[in-house]
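Structure assessment
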Amino acid sequence: MTPTLDLLEQRGDAVRMGRGLWVLRDFERLVERADFVGPAEFDERFVREHGIALGTVSGPITFRSNEELPVHRWWPYVQGYSAEFVARELGRAELDRGATVLDPFAGSGTSLVEARRGGARAWGTELLAPAVLAARVKTTFELPRIELRAGAERLLARARRARPGTLPFLRETVRQFSPEALADLLRLRDALPPEGTPSADAVRLAFGRVLIPSSRLHRSPCLGYRRGAAPPEPRPFDAFAAAVAEMEGDLETLAAARSAWGPPGRIERRDARQGTWPAESVDFAVTSPPYVNGMDYVMNYKVDLAWLGYANSYAELAALRSAEVACDNLPRAETAPYLATETPPDPWLAEILPRIRQNVRNKGTYRRDDVHAVVHRYFADLVPVLAGVRRALRPGGRFVLVVGDSLLAGTYVPGDLLLARLGARAGLEIVSVEVARRRRSGQRRSFELRESVITLAKPRSGSPRKRAARR
Ligand SMILES: C[S@@+](CC[C@H](N)C(=O)[O-])C[C@H]1O[C@@H](n2cnc3c(N)ncnc32)[C@H](O)[C@@H]1O
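Notes on the structure follow. Fair warning: this is a prediction, and the values are worked out from it, not measured in the lab. (Residues numbered from 1 in each chain as written. Predicted model: local features only at pLDDT ≥ 70, side-chain atom pairs only at ≥ 80, totals over all residues. Heavy atoms only, no water.)

**A short note on the overall build of the protein chain**
- What the protein chain contains, in helices and strands, is 19 helices and 14 strands.
- Classification of the 471 residues of the protein chain by burial places 53% in the buried group.
- Nonlocal contacts in the protein chain, meaning residues at least 24 apart in sequence, comprise 74% of its contacts between residues at least 6 apart.
- Looking at the protein chain as shown, the accessible area adds up to about 21000 Å², and 51% of this sits on carbon and sulfur atoms. (Helix = DSSP H or I, 4+ residues; strand = E, 2+ residues; numbered from the N terminus. Buried < 20%, exposed > 50% of the residue type's maximum accessible area, 1.4 Å probe, protein only. Contact = heavy atoms within 4.5 Å. Areas by Shrake-Rupley, 256 points an atom, 1.4 Å probe, with all protein chains shown as cover.)

Next comes the structure, spelled out in structure tokens:
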């Protein structure tokens, strides 16, 4: 321990929270601050206003549980959720064979794979092109192994003969890879077939998958340079061949259950906020939207975007970031219309947003001074998605969402309860909110956050009041 920490601890100004982690007492006492409204208060209000107490649900919820699962492991997506969770929810929904399942924020296609495996027609929208590629390949169950193998062998043969081509536009590329790995990746990239056929897409995905393991980077979950831990995979050619071999084996496993598959699905690279799914075309929707002020997907997947040719400049990356649901790195111009806090999409936000703004002002040195506007836009972004899913659901259909709460600028934001309330404002009934996992705040490790499963339902007919009268 350094003399300064020693002194702070003796004075009672710092507390030890874990190995090497110290927290100023002032931070730890967050919940004692007079103006702090924490989870317990919001949970009570939720019971008062909606008559629903939070439940709990067990079982894995994060993508980690997919890492060894056939097909799901083809593109490890740290931000994804658990296939087991999706399978359980689909089971609970008791869908007919061929029913349509929608995931508006489909990511790498966890919901879509499970839906199709279980006999449903899977439909997803997603903006991040490498994730769209992953979801498309992972749901093309009928890809012949032999075609995949032949496509991969052609690629390897072409790459072995090629000379390394030009670097992608990312300024840090040379720092991100060893010279040997970089040369091999450039040769593989230049030998890639154009997108469009199932085997070409699968080969492109296998290439995408080896990028980060072959680099000096890792995602934990944000993209950053590795420190000390596992060294990068030395040989991109070998890593690519291993990825293809794994896919081949998984295709065989899949084929054994062919009779259970649902019809081919659809994954579209499209903004879920446009919410233009046809009315009453969906039997069940399940998703995990971005979290409040959470991941900057564009920053985190810029290497994949650039190397797979989905983005060719920083301007293209910025345009994609602006189309995604608001995250903390949104340019100020995008938050400008959300600086005012008077008319947010939910009355709770009319209390929360000014509190965030005030805390940022009090602190004086926060990362950005428009955090409240980012949060405002985040919820505003989800409003049309909820409305679109409501319209798309058949009466009685359910919409299940996994989302977390947040602590921002010393203000607690009950993202799960707010989303449930926005669902209710969009005309869906709140069936339940169940806590699935506890986690630590990135801002204050001593503060416990959670991830919850929200279940909403489209009313069968009429207004809730009319239905209550009929009962
Ligand atoms: C939490 S992830 C979903 C992961 C997914 N459940 C899985 O298992 O792979 C949220 C996704 O929403 C996507 N997204 C963000 N804004 C979007 C928008 N406006 N339209 C469509 N997708 C969007 C992100 O790119 C990200 O992949």
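From this point, things continue past the structure.
**Some words on the pairing of strand β14 (residues 448-457)**
- Summarising burial for β14: nine of the ten residues are buried, a large majority.
- As defined by bridge partners, strand β10 (residues 393-404) adjoins β14 across seven bridges and the pair is classed as antiparallel. The residue bridging L401 from the neighbouring strand is I454, located in β14.
- Examined bridge by bridge, strand β13 (residues 429-440) and β14 share ten bridges and lie antiparallel to one another. The residue bridging E434 from the neighbouring strand is V453, located in β14. (Pairing = 2+ DSSP bridges.)

**Quick look at the nonpolar core**
- Counting 75 residues, the largest nonpolar core has F85, V375, F379, F399 and V413 as the members making the most contacts within it.
- Of the residues forming this core, the biggest block, ten residues, is contributed by helix α17 (residues 371-392).
- Contact partners of F399, with chain neighbours within four places excluded, come to P104, A285, V286, T287, L386, V389, L393, L428, I454, T455 and L456. (Core = buried A, V, L, I, M, F, W, Y, C linked by side-chain atoms within 4.5 Å.)

**What about the environment of T166?**
- Secondary-structure assignment places T166 in the loop between α7 (145-161) and α8 (173-176).
- Judged by its relative accessible area of 62%, T166 is exposed.
- For the pair formed by T166 and R187, sequence separation is 21 residues and the distance between their alpha carbons is 9.7 Å.
- Sequence-distant contacts of T166, that is, excluding residues within four places in its chain, are made with L186 and R189.

**Focus on the site of the ligand**
- By nearness alone, 24 residues border the ligand, and Y77, S108, T110, E126 and E324 come closest of all.
- Interatomic distance of 2.6 Å between a side-chain N/O atom of E126 and an oxygen atom of the ligand.
- The residue makeup of the shell around the ligand, split by class, is twelve nonpolar, seven polar and five charged. (Near = heavy atom within 4 Å. Polar contact = N/O pair within 3.5 Å; in protein donor to acceptor, adjacent residues only side chain to side chain. Nonpolar A, V, L, I, M, F, W, Y, C, P; charged D, E, K, R; others polar.)

**A few points about the side chain of S215**
- Relative to the assigned elements, S215 resides in the loop between α10 (198-211) and β6 (217-219).
- You can call S215 buried: its relative accessible area is 1%.
- Within the structure, the side chain of S215 is placed 2.7 Å from the backbone oxygen of I212, a separation counted as a polar contact.

**So, the packing of α7 against helix α11 (residues 236-255)**
- At a minimum axis distance of 10 Å, the contact between α7 and α11 shows a crossing angle of 175°. On the basis of the axis angle, α7 is roughly antiparallel to α11. Facing α7, whose interface residues are R145, L148, R149, A152, L155, L156, A159 and R160, α11 presents F237, F240, A241, V244, M247, E248, L251 and E252.
- Per-class residue counts for the contact of α7 with α11 are eleven nonpolar, no polar and five charged. (Axes fitted to C-alpha atoms, helices over the stretch in contact; angles between N-to-C directions. Parallel < 35°, antiparallel > 145°, perpendicular 65-115°, else oblique.)

**Section: the sheet that holds strand β5 (residues 121-126)**
- If you walk across this open sheet you meet the eight strands as β3-β13-β14-β10-β9-β4-β5-β8, and the pairing is mixed. Each having just a single partner strand, β3 (55-56) and β8 (266-269) make up the two edges of the open sheet.
- Pairing geometry for strand β4 (residues 100-103) and β5, over four bridges, is parallel. Bridging across to β5, V101 finds its partner in A122.
- Across the sheet, helix α5 (residues 110-117) touches β4, β5, β8 and β9 (282-287), and the angle it forms with β5 is around 170°.
- Helix-sheet contacts for α17 involve β4, β9, β10 and β14, and the interaxial angle to β10 is about 150°.

**Examining the pairing of β9**
- Within β9, five of the six residues are buried, which leaves it mostly tucked inside the rest of the structure.
- In this structure, β4 lies alongside β9, joined through two bridges in parallel fashion. The residue of β9 that forms the bridge with V101 is F284.
- By the bridge criterion, five bridges tie β9 to β10 in an arrangement that is parallel. Across the sheet, the residue bridging to F284 is R398, located in β10.

**Side note on unusual backbone geometry**
- Following S220, the chain continues to P221 via a peptide bond in cis, the omega torsion being -5°.
- Tracing the chain through its elements places P221 in the loop between β6 and β7 (223-225).
- Phi is positive for V71, which is not a glycine, with a value near 70°.
- Note on placement: V71 falls in the loop between β3 and α4 (83-93).
- Positive phi, close to 45°, is recorded for E94, a residue that is not glycine.
- Looking at the secondary structure, you find E94 in the loop between α4 and β4.

**A few points about the packing of aromatic side chains**
- This structure, assessed with the given rule, holds 14 aromatic pairs.
- Look at Y412 and F447: their rings are 6.1 Å apart centre to centre, the planes differ by 50°, and that puts the pair in the tilted class. Residue Y412 is located in strand β12 (residues 411-413), and its partner F447 is located in the loop between β13 and β14; the two are separated by 35 residues in the primary sequence.
- Using a relative accessible area of 1% as the deciding quantity, one classes Y412 as buried.
- Ring-pair connections join several aromatic residues into one group, and the members of that group are F36, F42, W348, Y412 and F447.
- When the ring centre of F141 is taken as origin, the NZ or CZ atom of R116, which lies over that ring, is 4.9 Å away.
- Lying across the ring of Y225, R175 places its NZ or CZ 4.0 Å from the centre. (Phe/Tyr/Trp six-rings, centres within 6.5 Å; stacked < 30°, edge-to-face > 60°. Lys NZ or Arg CZ within 6 Å of the ring centre and 35° of its normal.)

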